[in-house]
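Read off the chains here:
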Amino acid sequence: MRILLVEDEPSAARFIAKGLREAKHAVDIASDGEAAAEQCHHSDYDAVILDVMLPGKDGLTVCRELRAAGSDVPVLMLTARDAVEARVEGLDAGADDYLIKPFDFRELLARVRALTRRDRRPLSPERIEVRHLAIDVAGQRVWTHGREVVLTSREYALLEYLARRAGEVVGRADIAEHVWDEHYDAFSNVVDVYVQRLRRKLDDREGSLIRTRRGQGYQII
């Protein structure tokens with residue numbers, strides 16, 4: 001899952017981004033409202049974590065502009081203001097949820113999971129099963145034929161994204177948009193490399209779980 005984190009305080013941005021990446025998310029960072037609006041315009045994010053107090057254009061304004069432009073990306077707003085009026089203002093601006101600083105990072109992750117389960121797509125299952133593959137989404141664990149498979153963060157993110165769209169042919173650009181961050185090189189073969197890594201860990205005598213559709217992308221069937 002690809003997330004935009006909008007936070008102007010460098011140490012807080014590093015801390016939150018580190019935790020999100022450890023939870024197997026791709027993370028882009030914007031340090032002000034103008035940059036956030038620009039990045040949302042050019043990239044398709046699965047969620048936005050948006051600080052209210054930003055230099056220049058504040059988080060409330062960014063959120064209102066996103067909604068006015070027709071974006072339905074889930075937005076989790078962060079603020080140190082704990083008054084009811086502040087929460088109401090954030091929700092009325094178009095935020096989907098509100099988290100008061102300081103917070104327990106486990107709660108932040110839980111709220112991000114909850115946001116991405118609703119609104120833009122059908123309710124996401126907590127367990128995905130395709131043929132002999134089973135994925136525990138909350139625990140981020142994977143089994144094939146009942147045997148647990150250890151994956152890196154990027155391998156897991158790629159597999160979960162393909163498994164959620166089992167039966168569909170998913171293009172490389174689509175995969176990169178949701179599994180990698182803004183530093184992805186469109187001219188590299190990194191998606192193909194990671195698919196090969198997954199095949200080495202998951203495939204057996206029944207054949208490959210991930211099929212290549214030449215010129216189109218990849219498909220789990």
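The present account deals with the structure reproduced in this document. (Residues numbered from 1 in each chain as written. Predicted model: local features only at pLDDT ≥ 70, side-chain atom pairs only at ≥ 80, totals over all residues. Heavy atoms only, no water.)

### Some thoughts on helix H5 (residues 105–116)
Selection criterion: Put simply, DSSP H or I for four residues or longer makes a helix, DSSP E for two residues or longer makes a strand, and each gets a number counted from the N terminus. Multiply 1.5 Å by the residue count of a helix minus one, and that product is the helix's expected span. Working rule for contacts: check all heavy atoms of both residues, and any pair within 4.5 Å makes them a contact. Polar contacts, as used here, are pairs of N or O atoms within 3.5 Å; protein pairs need one atom able to donate a hydrogen and one able to accept it. Residues neighboring in sequence count only if both atoms are side-chain atoms.
The first and last C-alpha atoms of H5 sit 17 Å apart over twelve residues, in line with the 16 Å expected at 1.5 Å per residue. Buried positions along H5 lie against strand E1 (2–6), helix H1 (10–22), strand E3 (47–51), strand E4 (75–79) and strand E5 (97–100). Where H5 begins, the side chain of Asp104 points an oxygen toward the backbone nitrogen of Arg106, at a separation of 2.8 Å.

### A look at the pairing of strand E6 (residues 127–130)
Here is the rule we go by: Working definition: with a 1.4 Å probe on protein chains only, accessible area under 20% of the residue-type maximum means buried, over 50% means exposed, and in between means partly exposed. Any two strands are treated as partners once DSSP identifies two or more bridges connecting them.
Alternating positions in E6 separate cleanly, Ile128 and Val130 being buried on one face and Arg127 and Glu129 remaining unburied on the opposite face. Counted along the chain from E6 to the antiparallel partner strand E7 (residues 133–136), the turn is two residues long, and its residue Arg131 has a positive phi close to 50°.

### Re the nonpolar core
Rules: Each nonpolar core is a collection of buried residues, namely Ala, Val, Leu, Ile, Met, Phe, Trp, Tyr and Cys, held together in the definition by side-chain atoms within 4.5 Å.
Formed by 28 residues in total, the largest nonpolar core has its most connected members in Ile135, Val142, Leu159 and Ile175. Of all elements in the fold, only E6, E7, helix H6 (153–164), helix H7 (172–179), helix H8 (190–202) and strand E11 (217–220) reach the threshold of two or more residues within this core. It is H6 that provides the largest number of residues to this core, a total of seven residues. Not counting the four nearest positions on each side in its chain, Val142 is found in contact with Leu133, Ala134, Ile135, Arg147, Glu148, Val149, Leu151, Tyr156, Leu159 and Leu202. The next biggest cluster of nonpolar side chains, apart from the first, holds 21 residues, and it includes Leu66, Val73, Ala93 and Tyr98.

Distances and angles like these do not, on their own, reveal function.
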